[in-house]
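Below, each chain spelled out in residue letters.
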Amino acid sequence: MSRTPLMAGNWKMNLDHLEANHLVQGLAMELRDHNHDYSRCEVLVIPPFTDIRTVQTIVDADELGIKYGAQDVSIHDNGAYTGEISTSMLTKLGCTYVVMGHSERREYHNESDELVGAKARKVLDAGMTPILCCGEALEVRKAGTHVEFVLSQIRAALAGWSAQDVAQIVIAYEPIWAIGTGETATAEDAQEVCGAIRSALAQDFGAETAEVTRVLYGGSAKPDNIKELMAQPDIDGALIGGASLKADSFAEMARFYA
Ligand code: PEP
């Protein structure tokens, strides 16, 4: 397969910089002890902003294969935007990925598809990889309109994009009802939507773009279900919350191929 699997740990608002230090060192050790092959699965941690410098220091000093990124970014370059963080601040710290459109930001910070698309654009222009999140609430799932809902989120965010640019992003399908609830979508549920995302990419941007764009699943993914999820043809990795906060469980998930 031309798509390198990606395990991305979204720490959300957890762990101070000392705890971040401990987790990254522990993760690196787990992966090293099990001879993790980074070419078979990229490992990415996504800490709070205040931990990024610490993570950078460990990764650089120990020349780790672990990558790191940010949970959000501003659409502005600099200036009077109190509390915001720019793409250049993140690239200076060695970040290579940025998440946008997580359901928690959509819900608590009223982020629209258009804003999410603008953030993705900004991140790509800065040379980092956007991880564009999408996903439906339980009512939408119950109404059976989840596929069209998710596709409309993606299409609104990527309106006007070129195929070449879309090929460089990562899309994360995260059904809201499965995030942090312990309720995982079945592998078939996850495949249904991830497959529909790939078909929509093929329709809108061409088969070649659809073939190389990575689509992740997120929502109570854990060591127990990762192999089944990764066995699905259109799931290229996972965006992992809770299970990424423990070095052993996250490392085990990165080694899904073993
Ligand atoms: C997430 O934070 O994106 C997530 C999927 O969380 P959890 O794995 O805890 O459900």
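To be clear, the structure that these remarks concern was listed above.
Here we summarise the structure given alongside this text. Since the model is a prediction, treat every value here as computed from it, not as a measurement.

The rules we used
The residue numbers shown here count from 1 along each chain, following its written sequence. Residue-level local features of this predicted model are given only where pLDDT is at least 70; pairs of side-chain atoms are given and counted only at 80 or more, and the full residue set underlies all totals for whole chains, interfaces and linings. Values reported for side chains reflect all heavy atoms of the structure, with hydrogen atoms and water molecules removed beforehand. If even one non-hydrogen atom of a residue comes within 4 Å of a molecule or strand, that residue is called near it. Here a polar contact is taken to be a pair of N or O atoms separated by no more than 3.5 Å, where protein atoms must pair a possible hydrogen donor with a possible acceptor and residues adjacent in sequence count only if both atoms sit in side chains. Residue exposure ignores everything except the shown protein chains as possible cover, and the areas themselves are Shrake-Rupley values with a 1.4 Å probe. Classification convention: Asp, Glu, Lys, Arg as charged; Ala, Val, Leu, Ile, Met, Phe, Trp, Tyr, Cys, Pro as nonpolar; all other residues, Gly among them, as polar. Within this document, salt bridges are pairs made up of a side-chain nitrogen of Lys or Arg and a carboxyl oxygen of Asp or Glu, the two lying within 4 Å of each other. By definition, any uninterrupted DSSP run of H or I lasting at least four residues is a helix, any uninterrupted run of E lasting at least two residues is a strand, and each is numbered from the N terminus. Exposure classes here rest on a 1.4 Å probe applied to the protein chains alone. A residue is buried below 20% of its type maximum, exposed above 50%, and partly exposed in between.

Observations regarding the site of the ligand
So, point 1. Residues in close proximity to the ligand total 14 residues, the closest being Lys12, Glu174, Gly180, Ser220 and Gly241.
So, point 2. One of the side-chain N or O atoms of His102 is found 2.9 Å from an oxygen atom in the ligand.
So, point 3. Gly242 places a main-chain nitrogen or oxygen 2.9 Å from an oxygen atom of the ligand.
So, point 4. Contact with the protein chains hides 95% of the accessible area of the ligand, taken as 290 Å² for the molecule alone.
So, point 5. For the shell around the ligand, a count of residues per class yields four nonpolar, eight polar and two charged.

Some thoughts on the pattern of salt bridges
So, point 1. Here the structure, examined in full by the defined rule, presents 19 salt bridges.
So, point 2. A salt bridge links Arg3 to Glu211; its shortest N-O distance comes to 3.5 Å. One end of the pair, Arg3, is in the segment before strand 1 (6-10); the other, Glu211, is in helix 10 (residues 207-212), and 208 residues separate them in sequence.
So, point 3. Between Asp72 and Arg105 there is a salt bridge; the shortest N-O distance is 3.3 Å. In this pair, Asp72 is assigned in the loop between strand 3 (67-70) and helix 3 (87-92) and Arg105 in helix 4 (residues 103-108), connecting sequence segments 33 residues apart.
So, point 4. Asp72 gets classed as buried once you look at its relative accessible area, which sits at 7%.
So, point 5. On the accessibility criterion, Arg105 (23% relative accessible area) is partly exposed.

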